Amino acid sequence: MATIRSLSKFWALSAFAVYGWLRLKLTRSPTLIILTYHRVLPENSGEREREQPGMVISPANLQRHIKLVRSLGAVAVHLDEWLRKKNAGEALPALSVAFTFDDGWRDNYLHGYPVLRQEQVPATIFLVTGMVNTDDTFWPEKVIALLRTPGINLNDQSLAWLQPYLGDPVRKSTPLSLPEADEIVSRLKNLDDATIIQHLKHTSSLVAKTNDADQAPVILQHGELKEMSGENLVKYGAHTRNHFRLNRLNSKEALEEQIAGCQSDLEAMNVNSVPIFCYPNGDITDGGEQLVAAHYQAACTTKTGWNRASRNDFDLHRFNLHDGNSSTTRMLLATIGRSLA
Ligand SMILES: [Zn+2]
């Protein structure tokens, strides 16, 4: 049975890959594929042990993606320039590709930028402006670090808030595996971001002390932003001020802070920013959408698919890529093909 299952999986993957390849090859009217990445970490990076697998691409795979889309005839473009040309009615290639990176991870500079430079590929990084230049990190990474601390006592009083999200009680006394921790992060999304961050403030003493190398900032620092914008290869868009999911914010003031606040932060940073917003977690609400439209010229969602010229600029679709769904040419094409089917 297992053989039949893996064989049918193989053929399904191959069929979607061929389909994806054909759709990309045969497109005639101007089409934009936007690729989404988060973290760029080498295969042997220790940080992978504390990161959701769906967030990570290796530099080698990133480079493979660039070479593949080029071999299909796609032209690598700056997202804002494709939109400008489209709206001005200027000629566009049949197939364009825009590389985007969410959250503003420092590894984008350390491991992604060298690839982008070598290949001369433009990219947009969507920054969480309140995190830039800090030594902070996002709550999912803090939760994973906590749950994977050896000897962690999950019954500690400061973790009472976490109990309803832990699941299988048998596992509660041991440090959790990465997939187990990942699952708990997904469950925690039922809480709002500010609440989780508040709870985590009381748990830092439980997290294992890491070595010096691990103390380095994981979020982009100002000098790195400047350096990457120097050759105009990297531009910066908005991903809110604190990565709060907009559908979890109740007041207009809170929405304003995340959406308009991020815009003013970007301008104050004096880097080559673009007026493009990217919804954290893809969560959109009417109030948020209106504010985004008032402050930006376009917005990226987490909906999958490519963008024809007729696509609304505030509803841009993307393909989210990581090692798990695109580490071979066949997997990458299948990931694209599946969502175009
Ligand atoms: Zn994000």
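These remarks concern the structure in this document. (Residues numbered from 1 in each chain as written. Predicted model: local features only at pLDDT ≥ 70, side-chain atom pairs only at ≥ 80, totals over all residues. Heavy atoms only, no water.)

1. Side note on the packing of helix 2 (residues 59–71) against helix 4 (residues 107–119)
Helix 4 packs onto helix 2 with a crossing angle of 30 degrees between their chain directions and a minimal axis gap of 9 Å. The pairing of helix 2 with helix 4 is recorded here as roughly parallel in orientation. Helix 4 is crossed by helix 2, and the crossing has right-handed handedness. On the side of helix 2, the interface is formed by P59, L62, Q63, I66, K67 and R70, while helix 4 contributes H111, G112, V115, L116, Q118 and E119. Looking at side-chain class alone, the contact of helix 2 with helix 4 contains 5 nonpolar, 4 polar and 3 charged residues. (Axes fitted to C-alpha atoms, helices over the stretch in contact; angles between N-to-C directions. Helix = DSSP H or I, 4+ residues; strand = E, 2+ residues; numbered from the N terminus. Parallel < 35°, antiparallel > 145°, perpendicular 65-115°, else oblique. Left-handed = near helix turned anticlockwise from the far one by under 90°. Contact = heavy atoms within 4.5 Å. Nonpolar A, V, L, I, M, F, W, Y, C, P; charged D, E, K, R; others polar.)

2. Description of the pairing of strand 6 (residues 123–127)
Where burial is concerned, most of strand 6 is hidden: 5 out of the 5 residues are buried. Across the two faces of strand 6 the burial is the same, with A123, I125 and L127 and T124 and F126 all buried. Relative to strand 6, strand 5 (residues 95–103) is paired through 5 bridges, and the arrangement is parallel. From the neighbouring strand, D103 faces strand 6, where its bridge partner is L127. Note that the unit made of strand 5, helix 4 and strand 6 has a crossover that is right-handed. Here 5 bridges tie strand 6 to strand 7 (residues 234–238), and the two strands are oriented parallel to one another. Bridge assignment links I125 to a residue of strand 7, and that residue is Y236. (Buried < 20%, exposed > 50% of the residue type's maximum accessible area, 1.4 Å probe, protein only. Pairing = 2+ DSSP bridges. Right-handed = clockwise from strand over helix to strand, strands pointing away.)

3. Focus: the state of the cysteines
Tallied over the full model, the rule gives 0 disulfides. The thiol sulfur of C262 is not disulfide-bonded, and the nearest other cysteine sulfur, from C278, lies at 10 Å. (Disulfide = S-S within 2.5 Å.)

4. Notes on the packing of aromatic side chains
For the coordinates displayed, the defined rule picks out 7 aromatic pairs. Cluster of aromatic residues (ring-pair linked, three or more members): Y37, F99 and F101. (Phe/Tyr/Trp six-rings, centres within 6.5 Å; stacked < 30°, edge-to-face > 60°.)

Read these as spatial facts, not as claims about activity.
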